[in-house]
Amino acid sequence: MIVTDRFIARTRLQDRAFSVLGATLTVGAMLFLGILLFDLARDGLSRIDWQFLTSFPSRRPGMAGVLSAWVGSLLIMLVTAVTAIPLGIAAGVYLEEYARKNWFATAIEINITNLAGVPSIIFGLMALGLFVFRFNFGQSILAGGLTLGCLILPIVIVSTREALRTIPRGMREAAYALGATRWQVARHHLLPYSLPGIATGVIIAISRAIGETAPLITIGALTFIAFLPPAPVTLDPEFAVQPLKWVWSPFTVLPIQMFNWVSRPGDDFLRNAAATGIILIGLTLTMNAVAVVLRYRMRRRIKW
Amino acid sequence: MVTSAAPRHAAPPVHAGPARMTATPPPIPTLLDSDVVRPAPPASRAIKAQVENFSFFYSTVQALADVSLPFRERAITALIGPSGCGKTTLLRCFNRMHDLYPGNRYVGRILLHPDNLNIVAREVDPISLRMRISMVFQKPNPFPKSIFENVAYGLRLRGIRSRSELEGRIQVALEDAALWGEVKDRLRKPAYDLSGGQQQRLCIARALANEPEVLLLDEPTSALDPIATSRIEDLIVELKERVTIAIVTHNMQQAARISDYTAFMYLGKLIEYGATAEVFQNPKCKETEDYVTGRFG
Ligand SMILES: Nc1ncnc2c1ncn2[C@@H]1O[C@H](COP(=O)(O)OP(=O)(O)OP(=O)(O)O)[C@@H](O)[C@H]1O
Ligand SMILES: [Mg+2]
C-alpha cells in the first residue's frame, strides 16, 4: 500500500476541521440574521394590523399606515417586471445564440457584467436625466419602474445567459441537425429548458429591486402620499376606463416610507418603520421562496 | 481509389480474407462467416455526394487534410479509422454542424447531387440542407420531452400538423428503429426514462422520421447490445434502398457486414477508399491492413 494510515488520518483531520469551521460560520451568520429579525419583530410586529395596511401616512403615528407605499411598491414592480424581464431574456438569448462571437460581443458582455455592479444611485441619476426630464415622464410610477428596470436588466441578462449555458451542447445540436432555425431552437428548446434558471434569476433581481431606495429618491419619489393612483376603471364620480393612467401618478414605496419614519423623532414612528421593514422582508422572503419552489418543480420535469 | 501512394504491402491470397477477419475477437460468430464475404457492389452506383479536396480547420487546428471521396447512392459507406482521425469531423461537415461554433473553416467542396450543390459553400442555407440530411450523433441526445414529441419534432419543423399523420409516421419510424414494441404504451413518457440504448434508437427514429436523402450515422450502435445492434444493422441495410448512408464505426465486423464501400482515415487524411470487400480482404495500404486486422488503432 502506498498510502499510510497516518496520511489518511491527516487528510481526515483536515476534512473535519473544515466542516467544523463551515458549520460555525454558518451558525454565526444565521444567529446574526436571527437577532436582527427578532429585534425588528419585537419593535414592529404588534404594529401590523388591518388599519396599518389600509391607511395612508399621517402625522399621528397611531393613525398612519402603508397603503400608498405597498400599492406603490407593487405597481413599480409591475412596470419593472414588464419591461426588464422580456427585454433581459431577449437580450440574453440574442447574445448567447445569435450574436457573432467577436470583439464587439465581448465588449458588450464585459459592459453588461460591469453594469450589474454599478451603484444603484448612478442609475437614479441617469434616470433623472433621461426619463424624468428628457422623456418628460415626471416623477411618476412609469419613471420609477423604468429606473429599477434598468437596474435589474443586467442581472436578468446575465442569469439568462448562464441558464442557457447549462444546456448540454448535444441538445442544441440535435435541434439544429433536424433543421430548426435559431429562433425555433430558442423557442422550442433553450427557453423551456432554461426557464427554471431564468425564473430564479428574475425573481432574485426583482427582490433586489423591491428594496431599492436610493435611485427612486434620486428621481424624486415623494415621501408623503395620501392618495392612490387612479384605478384602471372608475365608477365614481363617473364611469371611465383608463387602463394606463396610473403609470403617470406620483408614488412612494415601502423602503422610502420606512426611511421617512426612521428619520422622525419618537418611538411610535420607529415602530411604524420596524413594521414596514417586516413587511418588506416578508415580501422578499416570499419571492425567494417562490423562486426555490419554481426551480424545484421545473427541475423535476427536465433532467439530463 | 487510393489517395496516398504507399508502397503496396504483399497482398495475401484473396481466400485468406474471411479467415483473417475471424482472427479478431468475434462478437456474433454466425453473422461473421456468412456476411463478411459480401459480394462486391455493382461497380459504379450514382454518386450522391462527392467530397473534393476537402480540408477542415477548427480555428487553427487542421482536422481534415485534402480528403476526396464519393458517397454513392443506394449504398452504405463506412468511415473507419483510429480515434481522433476526423471521422466525426467529416460527418459533421455534411450538415454544417460546424457552423454552430465560431472560427471553424471549410476548405474545398462537398457536392450534393443531383443538384450539384456545394454543401459547404457560404451561400448555401444550412437549414434547407439539414432538411435533406439527417444525423445520429455519437452520444444519444434526446430532447427532455416525451418520446412522441422527440420523434415528432423534425416532422413539425417540416410543417406536418395533422395528428393522424404524425402518429402514423412516428409509429413507422419507431418500428424501423426497432423501438416500437418497447415504447408503444408509453409514448407520452419522458424520453429520459429510456435506457441509453433505447435513447440511441429513439434518436435513430427521430432522424429516420424525416425521410432524409442522406443519413449520417456516428457510431450509432456503440451503446447497444448485440440484439439491438443487429436489428439496427438490418434496418440500415434495408434503408439503403431509399437513402444514402454514411456510417462511422469502430466495429470492423460491422463495417464488413453492412457497408458497400469503406473509407479508412488516419490523422485527418483519407488513406484508402474502395469496395468494402477490397478494403478488408485486399487492402492496398499497409496502415489499412494493420487497422482492419486489429494490429493497431
Ligand atoms: N471542437 C474542436 N476543436 C478543436 N479540435 C477538435 C474539436 N473537435 C475535434 N477536434 C480534433 O479533431 C480531431 C478529429 O476529431 P474527431 O472527433 O473528428 O475524431 P473521430 O475520428 O470522430 O474520433 P472518435 O473515433 O474518437 O470519435 C481530433 O484530433 C480532435 O482532437
Ligand atoms: Mg467520433
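Further up the page is the structure itself.
Residues numbered from 1 in each chain as written. Chains lettered and ligands numbered in written order. Predicted model: local features only at pLDDT ≥ 70, side-chain atom pairs only at ≥ 80, totals over all residues. Heavy atoms only, no water.

## Re the layout of surface pockets
Selection criterion: Cavities and pockets are found on a 1 Å grid laid over the protein atoms alone: a cavity is a set of points where a 1.4 Å probe fits but cannot escape, a pocket is an open set with protein on both sides within 12 Å along at least five of seven lines, and a lining residue has an atom within 4 Å of such a point. Grid points are joined across faces, edges and corners, and a volume is the space filled by probe spheres set on the points. Numbering of helices and strands runs from the N terminus, with a helix taken as a DSSP run of H or I at least four residues long and a strand as a DSSP run of E at least two residues long. Each residue gets one label: Ala, Val, Leu, Ile, Met, Phe, Trp, Tyr, Cys and Pro are nonpolar, Asp, Glu, Lys and Arg are charged, and the others, such as Gly, are polar.
The computed volume of the largest pocket comes to approximately 1,200 Å³. As for the largest pocket, its lining consists of 36 residues, of which His98(B), Asp99(B), Leu100(B), Tyr101(B) and Pro102(B) are closest to the centre. By residue number, the principal contributor to the lining of the largest pocket is strand β4 (residues 104–112) of chain B, which donates 5 residues. Considering only enclosed or pocket space, the second largest pocket measures out at about 340 Å³ in volume. Taken together, 18 residues line the second largest pocket, and the ones lying closest to its centre are Arg169(A), Gly170(A), Lys139(B), Pro140(B) and Asn141(B). Elements represented by at least two residues in the lining of the second largest pocket include exactly α7 (169–177) of chain A together with α3 (87–94) of chain B. Here the lining of the second largest pocket takes 4 residues from α7(A), the largest share from any one element. Its residues assigned to classes, the lining of the second largest pocket shows 8 nonpolar, 5 polar and 5 charged.

## A closer look at the packing of aromatic side chains
Rule in force here: Any two rings among Phe, Tyr and Trp, with Trp reduced to its six-membered ring, count as a pair given centres within 6.5 Å; such a pair is stacked if its planes are under 30 degrees apart, edge-to-face if over 60, and tilted if neither. Burial status follows relative accessibility: with a 1.4 Å probe on protein chains alone, a residue under 20% of its type maximum counts as buried, one over 50% as exposed, and anything between as partly exposed. Charge-over-ring placement is defined geometrically: NZ (Lys) or CZ (Arg) within 6 Å of the ring centre, and within 35 degrees of the ring normal.
Under the definition given, this model contains 14 aromatic pairs over all chains. Considering the side-chain rings of Phe71(B) and Phe94(B), the 5.1 Å spacing of their centres and the 80° angle between planes classify their relative orientation as edge-to-face. With a gap of 23 residues between them, Phe71(B) in strand β2 (residues 61–72) and Phe94(B) in helix α3 connect regions that are remote in the sequence. Phe94(B) carries the same exposure label as Phe71(B), and that label is buried. Ring geometry for Phe143(B) against Tyr153(B): centres 5.4 Å apart, planes inclined by 75°, an arrangement best described as edge-to-face. Here Phe143(B), found in the loop between β6 (133–136) and α5 (147–157), pairs with Tyr153(B), found in helix α5; they are 10 residues apart in sequence, far enough to count as distant. The rings of Phe131(A), Phe135(A), Phe137(A) and Trp248(A) are connected pair by pair, giving a single aromatic cluster. Sitting over the ring of Tyr101(B), Arg169(A) keeps its end group 4.8 Å from the ring centre.

## Regarding the pairing of strand β1 (residues 47–58) of chain B
A regular strand places its side chains on the two faces of the sheet in alternate fashion. All names here are of chain B. Keep this limit in mind: At least two DSSP bridges between two strands are needed for those strands to be called paired.
Note that β1 and β2 share 8 bridges and pair antiparallel. Each residue of the ladder has a partner; that of Gln50, found in β2, is Pro70. Counting the residues between successive antiparallel strands, the hairpin from β1 to β2 contains 2 residues, one of them, Ser59, with a positive phi of roughly 50°. Note that β1 and β4 share 8 bridges and pair antiparallel.

## Here we look at a nonpolar patch on the surface
Residue and element names in this part refer to chain A. Our working rule: Excluding any residue in a salt bridge, patches collect residues exceeding 30% relative accessible area, merging like charges within 9 Å and nonpolar Val, Leu, Ile, Met, Phe, Trp and Tyr side chains within 5 Å. Residue burial considers only the protein chains on display, and all accessible areas are found by Shrake-Rupley using a 1.4 Å probe. The term salt bridge refers to a pairing of a side-chain nitrogen on Lys or Arg with a carboxyl oxygen on Asp or Glu at a separation within 4 Å.
Together, Phe32, Leu33, Leu36, Leu37, Ile281 and Leu285 make up a nonpolar patch on the protein surface, roughly 570 Å² of accessible area in all. At the level of elements, α1 (5–44) and α11 (267–301) are the ones that each hand at least two residues to the nonpolar patch. It is α1 that provides the largest number of residues to the nonpolar patch, a total of 4 residues. Position of Leu37 among the secondary structure elements: in helix α1.

## Observations regarding the interface of chain B and chain A
What counts, and what does not: Between two residues, a contact is recorded if the distance between any of their heavy atoms is within 4.5 Å. Buried area: the sum, over both parts, of the accessible surface (1.4 Å probe) that disappears when the two are put together. Polar contact is the term for a pair of N or O atoms within 3.5 Å; when the atoms are in protein, one must be able to donate a hydrogen and the other to accept it, and sequence-neighboring residues count only if both atoms are side-chain atoms.
Each partner contributes residues to the interface: chain B has 24 residues there, and chain A has 21 residues. Each partner contributes to the roughly 2,000 Å² buried at the junction of chain B and chain A, and carbon and sulfur atoms together form 64% of this total. In this assembly, chain B and chain A are joined by 1 salt bridge. Where Arg92(B) meets Glu173(A), a salt bridge forms, and the shortest distance between an N and an O atom there is 2.9 Å. On the surface where chain B and chain A come into contact, there are 7 residue pairs in polar contact (both at pLDDT 80 or more). Of all the secondary structure elements, the ones that give two or more residues to the side of chain B that touches chain A are α4 (126–132) and α5 of chain B.

## Some remarks on the side chain of Asp290(B)
All names here are of chain B. Relative to the helices and strands, Asp290 is located in helix α12 (residues 286–292). Classification of Asp290 by relative accessible area gives buried; the value is 14%. At 2.8 Å, the side chain of Asp290 and the side chain of Lys286 are in polar contact.

## A few points about the nonpolar core
All names here are of chain B. For clarity, the threshold we go by: Residues belong to one nonpolar core when they are buried, are Ala, Val, Leu, Ile, Met, Phe, Trp, Tyr or Cys, and are joined through side-chain atoms within 4.5 Å.
Residues Phe54, Leu69, Leu79 and Phe94 are the most contacted members of the largest nonpolar core, which totals 94 residues. If we ignore the near neighbours within four places in the chain, the residues touching Phe54 are Leu64, Ala65, Asp66, Val67, Leu90, Cys93, Tyr106, Val107, Gly108, Arg109, Ile110 and Val120. Ile80, Phe148, Leu224 and Leu235 belong to the second largest nonpolar core, which has 48 residues in total.

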